Amino acid sequence: ELPPSEFMQVADSTWLVLSVVSNGREPPGCQATGVTKIARSVIAPLAEHHVSVLMLSTYQTDFILVRERDLPVVIHTLAGEFDIYKEESGECVPVTCDDVSNGFLKPKPAASPTLHPVQSPQTRFCVLTVAPDTLPAIATMLIDVLFYSHSPPWDAATGSQDLDSITFFSFSLIEGYISIVMDAETQKRFPSDLLLTSSTGELWRMVRIGGQPLGFDECGIVAQIAEPLAAADISAYYISTFNFDHALVSPCPFPGTPGVSPVADTSSVPRQVPEEGINEVIQLLQQRQESSR
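Definitions and limits used
- For every chain, the first residue of the written sequence is number 1, and numbering continues from 1 onward in sequence order.
- Under the rules for a predicted model, residues below a pLDDT of 70 receive no local features and side-chain atom pairs below 80 are neither given nor counted, while totals for whole chains, interfaces and linings still include all residues.
- In computing side-chain properties, one takes all heavy atoms of the structure into account and sets aside hydrogens as well as water.
- Inter-axis angles, ranging from 0 to 180 degrees, are taken between N-to-C directions of lines fitted to C-alpha atoms, where helices are fitted over the stretch in contact.
- A run of H or I in DSSP counts as a helix once it spans at least four residues, and a run of E counts as a strand once it spans at least two, with each numbered from the N terminus.
- Orientation categories follow fixed angle ranges, with anything under 35 degrees roughly parallel, anything over 145 roughly antiparallel, 65 to 115 roughly perpendicular, and all other angles oblique.
- Whether a crossing is left-handed or right-handed is set by the direction in which the near helix is turned from the far one by less than a right angle, anticlockwise for left-handed and clockwise for right-handed.
- What makes two residues a contact is simply this: any of their non-hydrogen atoms within 4.5 Å.
- Polarity classes work like this: nonpolar for Ala, Val, Leu, Ile, Met, Phe, Trp, Tyr, Cys and Pro, charged for Asp, Glu, Lys and Arg, and polar for all others, with Gly in that last group.
- Any two rings among Phe, Tyr and Trp, with Trp reduced to its six-membered ring, count as a pair given centres within 6.5 Å; such a pair is stacked if its planes are under 30 degrees apart, edge-to-face if over 60, and tilted if neither.
- Think of it in three bands: residues with accessible area under 20% of the maximum for their type are buried, residues over 50% are exposed, and the middle band is partly exposed, with areas taken using a 1.4 Å probe on protein chains only.
- The pairing criterion is simple: DSSP has to find at least two bridges between the two strands.
- The pLDDT score gives, residue by residue, the confidence of the prediction method on a 0 to 100 scale.
- What makes a salt bridge here is a side-chain nitrogen of Lys or Arg within 4 Å of a carboxyl oxygen of Asp or Glu, nothing more.
- To count toward a patch, a residue needs a relative accessible area above 30% and no salt bridge. Like charges then connect within 9 Å, nonpolar side chains (Val, Leu, Ile, Met, Phe, Trp, Tyr) within 5 Å.
- Areas reported here follow the Shrake-Rupley algorithm with a probe of radius 1.4 Å; residue values treat only the protein chains shown as occluding.

Description of the packing of helix H1 (residues 39–48) against helix H2 (residues 71–78)
Thought 1: In contact at an axis separation of 10 Å, H1 and H2 are set at 130° when each is read in the N-to-C sense. Comparing their axes, H2 and H1 come out oblique. The two elements H1 and H2 cross, and the hand of that crossing is right-handed. When H1 is examined against H2, the residues Ser41, Val42, Pro45 and Leu46 are found in contact with a partner set consisting of Val74, Thr77 and Leu78.
Thought 2: Residue composition of the contact of H1 with H2, by class: 5 nonpolar, 2 polar and no charged.

In structure tokens, the structure reads:
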């Protein structure tokens, strides 16, 4: 319904949404699996088969967007590990490789992915949700933040890879569930009793991937970030955008936090990443990149 405009860029592909849930169906109250929890089972295999993905974490769960033309490769790649379903008229219907075998081509071996710079602004972020019935109470403030807030000052002329701060605000509405990511200063502008977060109210640090816009054809970017974090048991909240990718790491992950699966044994809880530990995360990602050269 949007009119064509010289100011609006549109990717030339249609994307389909995948979500990873328990036993093929998401039980009531199911927590998110987290991008680092599906790094080895989903993201890495897709990267190996040269499938480009867009990742979107939300307060409730995580979504993987793949191009519609890549669906046969996706199905064949994941069918051995997962039961795959598609939605038809609100019902989940099993999908087999035979359903998408027409036109399936064995993918070429993926080339080594480009090593993109990672930047970590000093900004602290909040991951929040809001009850849909209270949304009208903050609608005016949301509009003001989305369209009328000014970017924070930083010296772009220096060309430094270390950003002092970054303007980042993400609002997603998926099947009635609302997810919001905003910096801690912006959060202070909203009524505290309407924005819901975990009981600890932790702040998150961000790693931004890419010095230049990433495009949509390259594969393996998410895997480059998610795999080393998964190996170190560091939980991440991942958001792909039109230009760059962003991974938020939590200073205090625990069962029930977005991006962390609920567990019975606390020994298997991903280890904590204090706010000052963002340098450790950067070093971890840089080491992974060096080993990939």
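Points about the packing of aromatic side chains
Thought 1: All chains considered together, the criterion is met by 4 aromatic pairs.
Thought 2: Ring centres of phenylalanine 125 and phenylalanine 168 lie 6.1 Å apart, and the angle between their planes is 85°; this geometry places the pair in the edge-to-face category. Placement of phenylalanine 125 in strand S7 (residues 125–128) and of phenylalanine 168 in the loop between helix H3 (135–148) and strand S8 (170–174) is noted, with a sequence separation of 43 residues between them. Each of the two residues, phenylalanine 125 as well as phenylalanine 168, counts as buried.
Thought 3: Between the aromatic rings of tryptophan 204 and tyrosine 237, the centroid separation amounts to 5.9 Å while the plane-to-plane angle is 65°, which identifies the pairing as edge-to-face. With tryptophan 204 in the loop between helix H4 (184–187) and strand S10 (205–209) and tyrosine 237 in strand S11 (residues 236–240), this residue pair connects regions lying 33 residues apart in the sequence.
Thought 4: Under the relative-accessibility criterion, tryptophan 204 is labelled buried at 1%.
Thought 5: Looking at tyrosine 237, the relative accessible area reads 2%, which means it is buried.
Thought 6: One aromatic cluster is present, built from ring pairs that chain together Trp15, Phe216 and Phe242.

Thoughts on the sheet that holds S7
Thought 1: If you walk across this open sheet you meet the 3 strands as S7-S9-S8, and the pairing is antiparallel. In the strand order of this sheet, the two ends are held by S7 and S8, each with one partner. On average, each strand axis in the sheet is inclined to that of its neighbour by 5°, with strand direction left out of account.
Thought 2: Taken together, the 4 bridges between S7 and strand S9 (residues 177–183) define a ladder with antiparallel strand orientation. Residue pairing across strands places phenylalanine 125 opposite aspartate 183, the latter belonging to S9.

Digging into the packing of H1 against helix H5 (residues 221–231)
Thought 1: Taken N-terminus to C-terminus, the directions of H1 and H5 make an angle of 150°; their axes are 10 Å apart at the nearest point. Relative to H5, the element H1 lies roughly antiparallel. In this structure, H1 meets H5 at a crossing whose hand is left-handed. Here Ala39, Arg40, Ile43, Ala44 and Ala47 of H1 lie close against H5, whose contacting residues are Val222, Ala223, Ala226, Glu227, Ala230 and Ala231.
Thought 2: Here the contact of H1 with H5 is built from residues that sort into 9 nonpolar, no polar and 2 charged.

Observations concerning the environment of alanine 232
Thought 1: Residue placement: alanine 232 occurs in the loop between H5 and S11.
Thought 2: Residues alanine 232 and leucine 284, spaced 52 residues apart in sequence, show a C-alpha to C-alpha distance of 8.8 Å.

Quick word on the confidence of the model for the protein
Thought 1: Summary statistics for the protein give a mean pLDDT of 78 and a share of 73% for residues scoring 70 or more.
Thought 2: Predicted confidence is poor over residues 24–33, with pLDDT under 50, and the contacts of this stretch with residues over four places away or in other chains come to 22 contacts.
Thought 3: In the predicted structure, residues 253–274 sits below a pLDDT of 50 and forms 57 contacts with residues beyond four places in sequence or in another chain.

Section: the pattern of salt bridges
Thought 1: Tallied over the full model, the rule gives 5 salt bridges.
Thought 2: One salt bridge in this structure joins aspartate 217 and arginine 67, with 2.8 Å as the shortest N-O distance. With aspartate 217 in the loop between S10 and H5 and arginine 67 in strand S3 (residues 62–67), the pair connects residues that are 150 residues apart, well separated along the chain.
Thought 3: We classify aspartate 217 as exposed; its relative accessible area is 55%.
Thought 4: Judged by relative accessible area, which is 6%, arginine 67 ranks as buried.

Overview of the pairing of strand S4 (residues 84–88)
Thought 1: Two elements, S4 and strand S5 (residues 91–95), share 5 bridges in a ladder whose sense is antiparallel. Each residue of the ladder has a partner; that of glutamate 87, found in S5, is cysteine 92.
Thought 2: The hairpin turn running from S4 into S5, its antiparallel successor, is 2 residues long, and serine 89 in that turn takes a positive phi close to 55°.

Topic: a nonpolar patch on the surface
Thought 1: On the surface, Ile143, Leu146, Phe147 and Tyr148 cluster together into a nonpolar patch covering about 470 Å² of accessible area.
Thought 2: Within the element layout of this structure, leucine 146 appears in helix H3.
Thought 3: For leucine 146, a relative accessible area of 44% corresponds to the partly exposed category.

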